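Notes for the structure review
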Amino acid sequence: MSRDLIVRRAARELRDGYYVNLGIGMPTLVANLVPPGMTVHFQSENGILGVGPFPTDAEVDADLINAGKQTVTVLPGASFFSSADSFAMIRGGHIDLSILGAMEVDEQGNLANWMVPGKMVKGMGGAMDLVAGARRVIVTMQHAAKDGASKILRACTLPLTGVRVVHRVITELAVLDVTPQGLTLVERAPGVTVEQVVAATAARLVVPKDVPEMVL
């Protein structure tokens, strides 16, 4: 349920005509929730523009995959191109929105999502390019690790993907914005109190007088 809540809230960040890159894992589910009547151009780093919803069993084409090697569909008018062209699109500032996951985010908007020291790393993928090139970066993540430790920190402890790159964080508990005043609580999940969000967050939070519930 928490995963579904995060994805549904993230889908509300889409805007008509946006060019959007969805990170591996939970963010890819946002492609299934484009509001009716809205046109969103989903881009995949391996060279697709016009990614559609995930395929049904009857639609699966093993040769049609995204950057995370998941099978996908494409919409009418989709295009295919090289990774060089794909990253030129990203580095050139043509991606309106990047939605990606994280292992840690801190109150300065720093992001760590590509490696844990001592564990095998297949590669950093496109995350470093995306957070540097996209016009807006939104992180979707669980608020805490499996052991209960907060993943939203005063300062990241893992190697950074980008410095001061995150604009908004969406978790199963809250929506947080990185602002000049600090990490600000802007929405809370249905049934969750401000006190619960503060208690679950290691970072210092700016808490407005009125914090509305998420609209999903």
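In case you missed it, the structure is sitting above this.
Residues numbered from 1 in each chain as written. Predicted model: local features only at pLDDT ≥ 70, side-chain atom pairs only at ≥ 80, totals over all residues. Heavy atoms only, no water.

1. Considerations on unusual backbone geometry
Even without being glycine, Lys69 reaches a positive phi, approximately 65°. Counting through the fold element by element, Lys69 comes out in the loop between strand E3 (48–51) and strand E4 (74–80). Here Lys69 falls in the exposed class, since its relative accessible area comes to 66%. Its identity as a non-glycine residue notwithstanding, Arg164 has a phi of 55°, on the positive side. If you trace the backbone, Arg164 turns up in the loop between strand E9 (152–153) and strand E10 (168–170). (Helix = DSSP H or I, 4+ residues; strand = E, 2+ residues; numbered from the N terminus. Buried < 20%, exposed > 50% of the residue type's maximum accessible area, 1.4 Å probe, protein only.)

2. Some words on the environment of Asn32
Mapped onto the fold, Asn32 is located in the loop between strand E1 (19–22) and strand E2 (41–44). Given the relative accessible area of 39%, Asn32 is considered partly exposed. Considering only alpha carbons, one finds Asn32 and Pro55, 23 residues apart in sequence, at a separation of 9.8 Å. For Asn32, the contacting residues outside a window of four places in its chain are Pro53 and Phe54. Among the polar contacts listed, one links the side chain of Asn32 to the backbone nitrogen of Phe54, at a separation of 3.0 Å. (Contact = heavy atoms within 4.5 Å. Polar contact = N/O pair within 3.5 Å; in protein donor to acceptor, adjacent residues only side chain to side chain.)

3. Regarding the side chain of Glu45
Tracing the chain through its elements places Glu45 in the loop between E2 and E3. In this view, Glu45 contacts Asn21, Ala67, Ser83, Ser86, Phe87, Ile90, Gly126 and Leu130; residues no more than four positions away in its chain are not counted.

4. Observations concerning helix H2 (residues 83–91)
Of the positions making up H2, those classed as buried are Ser86, Phe87, Met89 and Ile90. Taken down its axis, H2 places every buried residue within 150° of arc, on the same side. Turned more than 90 degrees off the buried face of H2, the exposed positions are Ala84 and Arg91. If you follow the buried residues of H2, they end up packed against E2, E3 and helix H3 (127–133). Within two residues after H2, Gly93 carries a phi angle of roughly 80°, on the positive side. (Arc of directions from axis to C-beta.)

5. As for the environment of Val178
One can find Val178 in strand E11 (residues 174–179). Owing to a relative accessible area of 23%, Val178 belongs among the partly exposed residues under this scheme. With 85 residues separating them along the chain, Val178 and Gly93 place their C-alpha atoms 21 Å apart. The residues touching Val178, leaving out its near neighbours within four places in the chain, are Glu107, Gln108, Gly109, Val166, His167 and Leu183.

6. Quick notes on the nonpolar core
Soluble, globular proteins show a tendency: their nonpolar side chains are buried together. Residues Val30, Phe42, Val105, Leu111, Val139, Val169 and Leu176 are the most contacted members of the largest nonpolar core, which totals 55 residues. Broken down by element, this core gets its largest block of residues, 5 residues, from helix H1 (residues 2–11). Contacts of Val105, omitting those with residues within four sequence positions, involve Asn110, Leu111, Val139, Met141, Lys151, Ile152, Leu153, Cys156, Val166 and Val169. (Core = buried A, V, L, I, M, F, W, Y, C linked by side-chain atoms within 4.5 Å.)

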